[in-house]
Amino acid sequence: MAGRRREDGLDVLAAATAALRRHTPDGWTAVRGDLLSLARRAHRPSAPVRGRHDLGDYLVATDVLVVALRQAVATVHDVAVTAVHCATGEDAVLSGVTVEVTALFGTHLPTAGQAAHSAIATALVEVLGTLSPPTEHVVVHVHVGDVVASRTEL
């Protein structure tokens, strides 16, 4: 039996090796997006962000803040969020937000960017409270990383 298991294992190893040898750089490009998507969805504990209201301080998971920011920017016409990054400073106080978006071709980017900034500012106050650092103290970047030809691509 032990010999048979070793042979089975060697057969599996040989098959895997053969599959890797057939793997081409073009093949890698085809699966790369899926692999990166899986890695991004892997569970990682989220850092806290400090909120503040009349009753005192509280902590919000960055994941909660990211969802709120995604939903806020989703209201901006002809723009889709691709990523949201939050930076905190001392004592988990929010210091910066970068929202990466894809825009529909022909969208007036300064107008869309201003609408995204306004939506982000509103969401920050809603999630972190009115006594948190004022939105003018939080550096907010809206990065247009892609432009697409049709709304179905958003």
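Everything quoted here is computed from the prediction, not taken from an experiment.

Asker: Please set out the pattern of salt bridges residue by residue, giving values where relevant.
Answerer: Summed over all chains, the structure comprises three salt bridges. Of the charged contacts, one joins Asp 78 and Arg 151 as a salt bridge, the two residues approaching to 2.9 Å between their closest N and O atoms. With Asp 78 in the loop between α3 (62-73) and β3 (79-88) and Arg 151 in the segment after β5 (139-148), the pair connects residues that are 73 residues apart, well separated along the chain. In this structure Asp 78 comes out as buried when scored by relative accessible area, which is 14%. When salt bridges that share partners are traced, they join Arg 50, Arg 52 and Asp 57 into one network.

Asker: Could you give an account of the pairing of β3, with specific residues and numbers?
Answerer: Relative to strand β4 (residues 94-104), β3 runs antiparallel, the two sharing nine bridges. Note on β4: the bridge partner recorded for Val 79 is Ala 103. Taking the residues between adjacent antiparallel strands as the criterion, β3 and β4 are bridged by five residues, where Asp 91 takes a positive phi near 60 degrees.

Each value, and the rule that gives it
Residues numbered from 1 in each chain as written. Predicted model: local features only at pLDDT ≥ 70, side-chain atom pairs only at ≥ 80, totals over all residues. Heavy atoms only, no water. Salt bridge = Lys/Arg side-chain N within 4 Å of Asp/Glu carboxyl O. Helix = DSSP H or I, 4+ residues; strand = E, 2+ residues; numbered from the N terminus. Buried < 20%, exposed > 50% of the residue type's maximum accessible area, 1.4 Å probe, protein only. Pairing = 2+ DSSP bridges.

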